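Geometric and topological summary
One letter stands for each residue in the lines below.
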Amino acid sequence: MVLIKVHACGVNPVETYIRSGTHARKPALPYTPGTDVAGVIEAVGAHVTVFKKGDRVFTNGTISGGYADYTVAAADTVFPLSDKLDFKQGAAIGIPYFTAYRALFQKGHAKPGETVLVHGASGGVGIAACQIARAYGLKVLGTAGTEEGMNIVLRNGAHKMFNHREADYVDKIKEFTVVQGVDVIIEMLANVNLATDLQLLSPGGRVMIVGSRGPIEIYPRDTMMKESSIIGVSLFCATKKSMHECETALLAGIEAGWLKPVVGPEYPLEKVAKAHEHLINSSGALGKMVLLI
């Protein structure tokens, strides 16, 4: 294990669900949220050899929680933070980028040349998915609810953007993809979009459920007509081998320069309640929300 002096911590939607008790995962109390921290190693355990005091690091998991001045983390959830990135960007890597990589390749089996639609692309996971997909040779489409959000995503990997607040945006996606449809959809709000997603898929297409805030009714025959798949994605289910694959790919992306987290709203730790309220009620995401410690 290592002790980290926290400089910034990413805020993820799942943390709001866990806090409110609506998530399937119910941690033992007392509980401190926060998995994605960036900071400086303060101390290392007796058997830790890969880090030393003073190293800049980021995490995708903590033992004691990241909404704090200091956090304890297992060494295999801690990674070196490149000098190319600041602490705020480091706190925006963990859950978003590991989730995006897992959704695209480990669960979605995306291939170069295929078309991916990131449904809700202007938040942390969405921007991560666009950057990764573009770097790996996919044709990247995205949706966002504001002009500013659309422009951010266009600067971060998307070839084409659509405004999902426009009544005819689905028709515009169908027109753009012509006959073939979309091979992979990364879905952030399945309770709103899943039925529509099934209409947009290519034969054999896959919808990857990254986020959902409630139930939805779908027509199962829509999956039969194209032999399409609906697949849930959760880092909680990933094996150590799968996480190591994500780690290797993402550290290479940082080194190559295409992995560049976009930091959105920033809150001091004492305003975390307002940060959670903002995250859930925002009219449109603009990058990754972070707490500054």
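Our structure is the block above this text.
Remember, predicted model here, so these are calculated numbers, not experimental data. Every chain is numbered on its own, with residues counted from 1 as its sequence reads. Only residues with pLDDT of at least 70 get local features here, since the model is predicted, and only at 80 or more are side-chain atom pairs given and counted; chain-wide, interface and lining totals rely on the full set of residues. As a rule here, side-chain values come from all non-hydrogen atoms in the structure, and water together with hydrogens is ignored.

**Comments concerning the pattern of salt bridges**
Should a side-chain nitrogen of Lys or Arg be within 4 Å of a carboxyl oxygen of Asp or Glu, the pair is scored as a salt bridge. Counted under the stated rule, the structure contains seven salt bridges. Note that arginine 56 and aspartate 83 form a salt bridge whose closest N and O atoms lie 3.6 Å from each other. Here the residue arginine 56 occupies a position in strand 3 (residues 56–59), and aspartate 83 occupies one in the loop between strand 5 (78–80) and helix 2 (87–90), the gap between them amounting to 27 residues. Lysine 172 serves as the salt-bridge partner of aspartate 168, at 4.0 Å between the closest nitrogen and oxygen. Buried means the residue's accessible area, taken with a 1.4 Å probe over protein chains only, is under 20% of the maximum for its type, while exposed means over 50%, and partly exposed covers the values in between. When its relative accessible area of 34% is taken as the criterion, lysine 172 is described as partly exposed. Residues joined in a network through salt bridges with shared partners are Glu166, Asp168 and Lys172. In DSSP terms, a helix is any run of H or I states spanning at least four residues, a strand is any run of E spanning at least two, and both are numbered starting from the N terminus.

**Some remarks on the side chain of asparagine 156**
Topologically, asparagine 156 is positioned in the loop between helix 5 (147–154) and strand 8 (160–163). For asparagine 156, a relative accessible area of 15% corresponds to the buried category. Polar contacts, as counted here, are pairs of nitrogen or oxygen atoms within 3.5 Å of one another; within protein the pair requires one atom able to donate a hydrogen and one able to accept it, and residues that are adjacent in sequence qualify only if both atoms are side-chain atoms. A polar contact is formed between the side chain of asparagine 156 and the backbone oxygen of isoleucine 152, at a distance of 2.8 Å. Residue contacts are defined here by distance: any two heavy atoms, one from each residue, within 4.5 Å place the two residues in contact. Once residues lying within four places of it in the same chain are set aside, the contact partners of asparagine 156 are Ile127, Cys130, Gln131, Lys260 and Val262.

**Comments concerning the state of the cysteines**
For the purposes of this analysis, a disulfide is any pair of cysteine sulfur atoms at a distance within 2.5 Å. Under the criterion given, the structure shown has zero disulfides. The closest cysteine sulfur to the non-disulfide-bonded cysteine 9 is located on cysteine 246, 19 Å from its own sulfur. When its relative accessible area of 0% is taken as the criterion, cysteine 9 is described as buried. Here cysteine 246 stays unpaired: no disulfide links it, and the sulfur of cysteine 237, its closest cysteine neighbor, is 13 Å away.

**Side note on helix 1 (residues 13–20)**
Here helix 1 has its buried residues at Glu15, Thr16, Tyr17 and Ile18. Where helix 1 is buried, its residues contact strand 1 (2–10) and helix 10 (272–281). Just downstream of helix 1 lies glycine 21, where phi reads positive at about 85 degrees.

**Brief notes about the packing of aromatic side chains**
Here a pair means two rings of Phe, Tyr or Trp (six-membered ring of Trp) with centres within 6.5 Å. Their orientation is stacked below 30 degrees between planes, edge-to-face above 60, and tilted elsewhere. Evaluated as defined, the whole model comprises seven aromatic pairs. Between tyrosine 101 and phenylalanine 105, the aromatic rings sit 5.0 Å apart at their centres with planes inclined by 55 degrees, giving tilted as the arrangement. With tyrosine 101 and phenylalanine 105 both in helix 3 (residues 94–107) and four residues apart, this pair spans about one turn of that helix. A single burial state applies to tyrosine 101 and to phenylalanine 105, both of which are buried. Here a set of aromatic residues connected by ring pairs shows up, and it is made of Tyr101, Phe105, Tyr136 and Trp258. If you follow arginine 56 out to its NZ or CZ, it ends over the ring of phenylalanine 87, 4.8 Å from the centre. We call a charge positioned over a ring when the NZ of a Lys or the CZ of an Arg lies within 6 Å of the ring centre and within 35 degrees of the ring normal.

**Notes on the pairing of strand 3**
When DSSP finds at least two bridges between two strands, those strands are taken to pair. By the bridge criterion, three bridges tie strand 2 (residues 37–44) to strand 3 in an arrangement that is antiparallel. Counterpart to valine 40 in the pairing with strand 3 is arginine 56. Relative to strand 5, strand 3 is paired through three bridges, and the arrangement is antiparallel. Opposite phenylalanine 58, over in strand 5, you have phenylalanine 79 as the bridge partner.

**Considerations on the sheet that holds strand 8**
Taken together, the six strands give an open sheet; going across it, the order is 8-7-6-9-10-11, and neighbouring strands pair in parallel fashion. Each edge of the open sheet carries a strand with a single partner, namely strand 8 and strand 11 (229–232). Looking at each pair of strands side by side, their axes are set apart by 20 degrees on average, direction ignored. For strand 6 (residues 115–119) and strand 9 (residues 182–187), the ladder comprises four bridges, and the chain directions are parallel. Residue pairing for strand 9: valine 118 is matched across the bridge by isoleucine 186. Convention adopted: a line fitted to C-alpha atoms gives each axis, helices being fitted over their contacting stretch, and angles between N-to-C directions are expressed from 0 to 180 degrees. Of the strands in this sheet, strand 6, strand 7 (139–144), strand 8 and strand 9 touch helix 6 (residues 169–177), which is tilted by about 155 degrees from strand 8. In the packing of helix 7 (residues 190–200) onto the sheet, contacts are made with strand 6, strand 9, strand 10 (201–209) and strand 11, and the angle to strand 10 comes to roughly 165 degrees.

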